[in-house]
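Analysis of the macromolecular model
One-letter residues, chain by chain:
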Amino acid sequence: MSDLPERVEHRQLRASDADRERVAEVLRTSAAEGRLDLDELDERLRAVYASRTYADLEPALADLPVHSSAKASLDGVQPRPGDVAERGGAIAVMSGFHRRGAWIPPRLFTCLAFWGGGTIDLRDARFLYGDLKIRAFAVMGGVDVIVPDDAEVEVTGMGVMGGFDHGAATAGRHGAPRVVVTGFAFWGGVTVRRKDRKDRKRKD
């Protein structure tokens, strides 16, 4: 047994895509709160998505309070509702944002797409709260919301010289998450689509 390698320190373990996305969510929420400007956000996001280990991820959060919608849990411990803030968000100004994979939505998610676009994919999301309200604002841009086919969906947003899709609003399976999509589209659009969870690995 003496020829076995020594156990690797936790900080040197390889980070997963979900780990990188949790840290990216904290950065985006911090930008929405005014803690980072857009240049700082872009620089840190590039570093996060290029990271390989937990140690590589740490500098991106070193000067930020980790309390936002996707608390960066890098120790493999399953978060609880009290660990995840009830409010979070994302912004895309002449750019884009994506929330997909095994991410953790807050109770209220507010997003803005201005001359840009965003995707909120909930098929693999871990709902720590029983319901989710998405406030989507699209101004000369677009927001695409993808919900699992068994979810209860209510859409109350409106469009002016734009579109706010209400086609996915319907009752869901008993016990499935409830998703409310509201907001405003001006010269842009907000789409809400239902997709089978089995299709999540296929190209949308």
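Rules behind the numbers
Residues numbered from 1 in each chain as written. Predicted model: local features only at pLDDT ≥ 70, side-chain atom pairs only at ≥ 80, totals over all residues. Heavy atoms only, no water. Helix = DSSP H or I, 4+ residues; strand = E, 2+ residues; numbered from the N terminus. Buried < 20%, exposed > 50% of the residue type's maximum accessible area, 1.4 Å probe, protein only. Polar contact = N/O pair within 3.5 Å; in protein donor to acceptor, adjacent residues only side chain to side chain. Contact = heavy atoms within 4.5 Å. Pairing = 2+ DSSP bridges. Salt bridge = Lys/Arg side-chain N within 4 Å of Asp/Glu carboxyl O. Axes fitted to C-alpha atoms, helices over the stretch in contact; angles between N-to-C directions. Parallel < 35°, antiparallel > 145°, perpendicular 65-115°, else oblique. Nonpolar A, V, L, I, M, F, W, Y, C, P; charged D, E, K, R; others polar. pLDDT = per-residue confidence, 0-100. Patch = residues over 30% accessible without salt bridge, like charges linked within 9 Å, V, L, I, M, F, W, Y side chains within 5 Å. Areas by Shrake-Rupley, 256 points an atom, 1.4 Å probe, with all protein chains shown as cover. Expected span 1.5 Å × (residues − 1). Arc of directions from axis to C-beta.

A few words now on the environment of Tyr49. Structurally, the position occupied by Tyr49 is in helix 2 (residues 38-50). Residue classification places Tyr49 among the partly exposed residues on the basis of a relative accessible area of 41%. A polar contact of 3.0 Å, which involves the side chain of Tyr49, links it to the side chain of Glu21.

This paragraph deals with the environment of Ala92. Within the fold, Ala92 resides in strand 1 (residues 87-93). Linking Ala92 and Arg28, residues 64 residues apart in sequence, is a C-alpha distance of 9.7 Å. In this structure, Ala92 is in contact with Phe97, Leu112, Ala113, Phe114, Gly116 and Gly117, ignoring residues within four places of it in sequence.

A separate point is the pairing of strand 11 (residues 189-195). It is a general feature of regular strands that their side chains alternate between the two faces of the sheet. Note that strand 6 (residues 142-148) and strand 11 share seven bridges and pair parallel. Across the sheet, residue Ile146 finds its bridge partner in strand 11, namely Arg193. Sheet analysis places strand 9 (residues 163-164) next to strand 11, joined by two bridges and oriented parallel. Paired with Phe164 across the strands is Val190, a residue of strand 11.

Below, the discussion takes up the side chain of Arg20. Locating Arg20 in the fold gives a position in helix 1 (residues 17-32). For Arg20, a relative accessible area of 13% corresponds to the buried category. Beyond its immediate sequence surroundings of up to four residues, Arg20 is in contact with Ala15, Val48, Tyr49, Ser51, Arg52 and Leu57.

Turning our eyes to something else, we now look at the pattern of salt bridges. By the definition in use, this model includes eight salt bridges. Close ionic contact of Asp63 with Arg44 constitutes a salt bridge, the shortest N to O distance being 2.9 Å. A residue pair is termed long-range when its members are at least 10 positions apart, and Asp63 in the loop between helix 3 (54-61) and strand 1 and Arg44 in helix 2 qualify at 19 residues. Taken together, the shared-partner salt bridges connect Glu152, Glu154 and Arg178 into one network.

Turning to the side chain of Ser30, a few remarks are in order. Tracing the backbone shows Ser30 in helix 1. Not counting residues within four places of it along the chain, the set of residues in contact with Ser30 comprises Arg35, Leu36 and Leu64.

This paragraph deals with the packing of helix 1 against helix 3. Running from N to C, helix 1 and helix 3 cross one another at 5°; their axes reach a closest spacing of 10 Å. One element, helix 1, and the other, helix 3, form an angle in the roughly parallel class. Taken together, the residues of helix 3 that come into contact with helix 1 (itself represented by Asp19, Arg20, Val23, Val26 and Leu27) are Tyr54, Leu57, Ala60 and Leu61. Its residues assigned to classes, the contact of helix 1 with helix 3 comprises seven nonpolar, no polar and two charged.

Looking at the protein, pLDDT values average 80 and 81% of them are 70 or higher. Long-range and interchain partners of residues 1-8, a stretch whose pLDDT sits below 50, account for one contact in this model, where long-range means more than four residues apart.

Quick look at a nonpolar patch on the surface now. Where nonpolar side chains cluster on the molecular surface, the patch consists of Leu38, Val93, Met94, Leu112, Phe114, Trp115, Met140, Met158, Val160, Met161, Phe184 and Trp187 and spans about 1100 Å² of accessible area. Sorting the residues of the nonpolar patch by element identifies strand 3 (108-114) and strand 8 (158-160) as the ones contributing at least two each. Note that Val160 resides in strand 8. Look at Val160 and you get partly exposed, because its relative accessible area is 32%.

Bringing the sheet that holds strand 4 (residues 117-121) into the picture now. Overall, parallel pairing links the five strands, which are arranged 2-4-6-11-9 in an open sheet. Each edge of the open sheet is held by one strand with a lone partner, namely strand 2 (96-99) and strand 9. Pairing analysis gives four bridges linking strand 2 to strand 4, with the strands arranged parallel. By the bridge assignment for strand 4, Arg99 is matched with Ile120.

Given 3.6 residues to a turn, an α-helix orients residues that are three or four positions apart in the same direction. Across its 13 residues, helix 2 extends 18 Å between first and last C-alpha, which sits within 8% of the 18 Å expected from 1.5 Å per residue. Those residues of helix 2 not exposed but buried are Leu41, Arg44, Leu45 and Val48. One face of helix 2 carries all of its buried residues, which in axial projection span an arc of 105°. With respect to the buried face of helix 2, the exposed residues turned more than 90 degrees away are Asp39, Glu43, Arg46 and Ala50. On the buried face of helix 2, the contacting elements are helix 1 and helix 3. You can read the cap of helix 2 off the contacts: a side-chain oxygen lies 3.1 Å from the backbone nitrogen of Asp39, and it is on Asp37.

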